[in-house]
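This is what each chain is made of:
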Amino acid sequence: MNPTRSPRFTSAAPVVLAVAIVVALTMPMPSAAAATTDGLPCEANSANTFSLDAKAGYVSTPDGNSIYMWSYSSSTKAFQLPGPMLCVDSGVTVTVVLHNTLPEATSIVFPGQHHQRANGHPAQPQADTTGLTSLTDAAAPLTGSVTYTFTAGSPGTYLYESGTDVAKQREMGLSGALVVRPPGQPDHANGRADSAFDLNREYVYLLSEVDPDLHLAVERKRAFDVTKTKARYFFINGRSMPDTIAPTGAAWLPNQPYGSLVHLKPFVPGDPDSRPALVRYLNAGSVNYPFHPHGNDQRVITEDGQPVQGAGGSDASYDKFLIDIGPGQSADTLDQWVDAEHWNGETNPIPVPLPQLQDQIVGPGTETWFSENPYLGGQPGEVPAGVVRNNQCGEYYMVAHSHALEQATNYGASFGGMMTLVRIDPAAGCPS
Ligand SMILES: [Cu+2]
């Protein structure tokens, strides 16, 4: 995709149409509109205590591959990638009990958290006669356990990840998101009043990559040189496009529970009930991920758990079209879309020539995501016999993806990988 800049509050119709066409031509299609899931699927409890198993399992990729992964899963639940989204309040004491079922030692580090302890003593790097073996206390292979405690840091989005044999274990999947909220203000991204967002429109993009050759070598207990990895799959929350737009908890992705379809309604300035969405970016991989949603800037308000502000607390947040997330970094962004032209079929019917039929049709020739009207809320016109209209109610879809285009592929096949959609529903909503 070209990084075409659009003013923040203008219609994104041409972009959507272009996206629909590209989507149409290059990717396998689900048989219905991209399904929405509202709110963050947090793991949370009043004791702020979590029991995580490090274990092995498999994930599927859209090209039909099955990849052996390691990940953290809640001890009462099946294998999942990535690890559970842990949500806590800033300042609380958090306990994470790690149970290792993997064939080698592993651990968890909590970057950005305070007073980290392991089994009751300050967490320490581990070494033997060969040198450093782990960045923190590790659990022994197969049956080992470590109890970590820490004080949750400032509000923001953080990784938790393996601190042992990091190049290998991070690549194998041992990471997850830790969401730290301002106490008593779960609908604020950080402590600032201007960080308010819609709790039903909160999303994590945990970004990572996979070299399947490394995973196969680990599965078959063969040696592998981690300095020679070549990523072939690129994940948002452990899924690749088009699986990224499947709902959270989709039954056909039993080990990859988290979707990343951002679901917006038109933002109404001045309406206290109209709040922006919050997208929390996290890089769990080893290279930069330059991520950009089409058709809209996002406002970066928190970086690495710190509000973007100047001296004296002045607002220094900024609009960004392409957000470059470095390894280990996070950024929280407000995302909103304003219906600038107020198209209405009866009261403001802005005339629009419909695109040619071939620009509305998706392969193999029976499906379209175009609403037969480029304005939000547009109702369909004539749909040719035999054409399936995936668009439900005149909603928009805008693509959001890594702009390092090799990261927007599934083993080299483009329009996959680290890519998802932003769905904008008409103000009146859509039938579910
Ligand atoms: Cu693009």
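Structure: see above.
Residues numbered from 1 in each chain as written. Predicted model: local features only at pLDDT ≥ 70, side-chain atom pairs only at ≥ 80, totals over all residues. Heavy atoms only, no water.

Caption draft 1: The arrangement of the overall build of the chain in detail. Across its full length, the chain carries three helices and 27 strands. Every one of the 432 residues in the chain was classed for burial, and the buried ones make up 55%. For the chain, contacts bridging at least 24 residues in sequence account for 70% of all contacts bridging at least 6. Element-wise, carbon and sulfur atoms account for 54% of the exposed surface of the chain, whose accessible area totals about 17200 Å². (Helix = DSSP H or I, 4+ residues; strand = E, 2+ residues; numbered from the N terminus. Buried < 20%, exposed > 50% of the residue type's maximum accessible area, 1.4 Å probe, protein only. Contact = heavy atoms within 4.5 Å. Areas by Shrake-Rupley, 256 points an atom, 1.4 Å probe, with all protein chains shown as cover.)

Caption draft 2: Expanded view of the state of the cysteines. Within this structure, the stated rule accounts for one disulfide. One disulfide in the model links cysteine 42 with cysteine 87; its S-S distance is 1.9 Å. In this structure the cystine formed by cysteine 42 and cysteine 87 twists about its S-S bond by roughly -70°; its chirality is therefore left-handed. Here cysteine 42 is found in the loop between helix 1 (13-26) and strand 1 (49-60), whereas its partner cysteine 87 is found in strand 3 (residues 86-89), with 45 residues between them in sequence. By relative accessible area, which is 6% here, cysteine 87 ends up buried. (Disulfide = S-S within 2.5 Å.)

Caption draft 3: Representation of helix 3 (residues 212-219) within the structure. Those residues of helix 3 lying buried are Pro212, Leu214, His215, Ala217 and Val218. Buried residues in helix 3 make contact with strand 2 (66-74), helix 2 (166-172), strand 12 (202-210) and strand 13 (233-236). One side-chain oxygen at the N-terminal end of helix 3 lies 2.9 Å from the backbone nitrogen of aspartate 213; it belongs to aspartate 211. Of the residues trailing helix 3, lysine 221 is marked for its positive phi of about 60°. (Polar contact = N/O pair within 3.5 Å; in protein donor to acceptor, adjacent residues only side chain to side chain.)

Caption draft 4: Seen up close, the sheet that holds strand 11 (residues 175-181). Read from one edge to the other, the open sheet built from three strands follows the order 3-11-10, with strand pairing classed as mixed. For this open sheet the edge positions go to strand 3 and strand 10 (156-161), each flanked by a neighbour on one side alone. Averaged over all adjacent pairs, the angle separating strand axes in this sheet is 30°, with direction ignored. In the sheet, strand 10 pairs with strand 11 via six bridges, with the strands oriented antiparallel. Bridge assignment links tyrosine 158 to a residue of strand 11, and that residue is leucine 178. (Pairing = 2+ DSSP bridges. Axes fitted to C-alpha atoms, helices over the stretch in contact; angles between N-to-C directions.)

Caption draft 5: Highlighting the sheet that holds strand 24 (residues 396-402). What the five strands build is an open sheet, ordered 14-27-24-16-20; its pairing is mixed. Edge positions in the sheet fall to strand 14 (262-264) and strand 20 (323-325), since each of these pairs with one other strand and no more. Taking the axes of each pair of neighbouring strands and ignoring which way they run, one obtains an average angle of 20° across the sheet. In terms of strand pairing, strand 24 meets strand 27 (residues 419-424) through six bridges, oriented antiparallel. Across the sheet, residue tyrosine 396 finds its bridge partner in strand 27, namely isoleucine 424.

Caption draft 6: Local environment of the pairing of strand 1. Direction of pairing for strand 1 relative to strand 4 (residues 93-100): parallel, over a ladder of six bridges. Note on strand 4: the bridge partner recorded for aspartate 53 is histidine 99. Pairing of strand 1 with strand 2, which is carried by nine bridges, proceeds in the antiparallel orientation. Residue pairing across strands places alanine 54 opposite tyrosine 72, the latter belonging to strand 2.

Caption draft 7: Seen up close, the environment of glycine 249. Tracing the backbone through its elements, the reader meets glycine 249 in the loop between strand 13 and strand 14. Between the C-alpha atom of glycine 249 and that of glycine 259, which follows or precedes it by 10 residues, the distance is 7.7 Å. Setting aside its immediate chain neighbours within four residues, glycine 249 contacts Arg239 and Pro257.

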